[in-house]
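Residues per chain, in single letters:
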Amino acid sequence: MMNVNWEKYSKLYSEGALLDKLKKYAAQAGKKLVYLVLLLYHTLQKDNVPFKAKAIILGALGYFITPLDVIADFIPGVGYTDDLGALMMALAAVSMYIDGDVKRKSKEKLESWFGRQADDEVSEIDSKL
């Protein structure tokens, strides 16, 4: 299991940097990873999420933003593997704050980027929440 320094990576987070990375690399990162990012992003926007949960989200999103982490993002086929692990860990830690509205907003944005198509990867994530 990965040991992520959430505090270190939370300092790398900014909404602009996150949206820039998603716009440039969404197709390369894939639907599953982008959906995880969107779930965390929309959970971060909620007022009733405690500081500790938001700190974890900020760390995970900061980890995603940085291109040079445990496995560099530009390596074809494996570059986002570590990001996926970090995002899944964060998602598990904050899943109690992910509600239907967060899922809806995340799916709408995902569909705007990838198109409207049934996706087992997204359903698989939703079934675990």
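Residues numbered from 1 in each chain as written. Predicted model: local features only at pLDDT ≥ 70, side-chain atom pairs only at ≥ 80, totals over all residues. Heavy atoms only, no water.

Broken down by element type, the protein chain carries 7 helices and 0 strands. Taken over 129 residues, the protein chain has a buried fraction of 44%. For the protein chain, the share of sequence-separated contacts (at least 6 apart) that also reach a separation of at least 24 residues comes to 74%. Carbon together with sulfur atoms contributes 55% to the accessible area of the protein chain, which is approximately 7,100 Å² in total. (Helix = DSSP H or I, 4+ residues; strand = E, 2+ residues; numbered from the N terminus. Buried < 20%, exposed > 50% of the residue type's maximum accessible area, 1.4 Å probe, protein only. Contact = heavy atoms within 4.5 Å. Areas by Shrake-Rupley, 256 points an atom, 1.4 Å probe, with all protein chains shown as cover.)

Let's shift gears to the packing of aromatic side chains. Using the criterion set out here, one finds 1 aromatic pair in the structure. With a centroid separation of 4.7 Å and an interplanar angle of 70°, the aromatic rings of Tyr9 and Tyr63 are classed as edge-to-face. Separated by 54 residues along the polypeptide, Tyr9 in helix 1 (residues 6-10) and Tyr63 in helix 4 (residues 51-65) bring together distant segments of the chain. The exposure classification of Tyr9 matches that of Tyr63, with both residues buried. Here the guanidinium or amino end of Lys21 rests over the ring plane of Phe64, the centre of that ring lying 5.0 Å away. (Phe/Tyr/Trp six-rings, centres within 6.5 Å; stacked < 30°, edge-to-face > 60°. Lys NZ or Arg CZ within 6 Å of the ring centre and 35° of its normal.)

This part covers the confidence of the model for the protein chain. Looking at the protein chain, the pLDDT average stands at 84 and 85% of residues meet or exceed 70. The model gives residues 73-78 a pLDDT under 50, and that stretch makes 10 contacts with residues more than four places away or in other chains. (pLDDT = per-residue confidence, 0-100.)

As a further point, take the environment of Trp113. On the secondary structure map, Trp113 appears in helix 6 (residues 100-114). C-alpha of Trp113 to C-alpha of Leu22: the two residues are 91 residues apart in sequence and 9.6 Å apart in space. In this structure, Trp113 is in contact with Leu22, Val34 and Leu38, ignoring residues within four places of it in sequence.

A separate point is the packing of helix 2 (residues 15-29) against helix 3 (residues 31-44). Between helix 2 and helix 3, the shortest axis-to-axis distance is 10 Å and the interhelical angle comes to 160°. It follows that helix 2 is roughly antiparallel to helix 3 by the angle criterion. By crossing handedness, the relation of helix 2 to helix 3 is classed as left-handed. Every residue of helix 3 that contacts helix 2 at Glu15, Leu18, Leu22, Ala26 and Ala29 is listed here: Leu33, Val34, Val37, Leu38 and Tyr41. (Axes fitted to C-alpha atoms, helices over the stretch in contact; angles between N-to-C directions. Parallel < 35°, antiparallel > 145°, perpendicular 65-115°, else oblique. Left-handed = near helix turned anticlockwise from the far one by under 90°.)

Ranked by size, the top nonpolar core spans 36 residues in total, and within it Leu18, Val37, Leu40, Leu61 and Leu87 carry the most contacts. For this core, the leading source of residues is helix 3, giving 10 residues. For Leu18, the residues in contact, after removing those within four places along its chain, are Tyr13, Val37, Tyr41, Leu61, Phe64 and Ile65. (Core = buried A, V, L, I, M, F, W, Y, C linked by side-chain atoms within 4.5 Å.)

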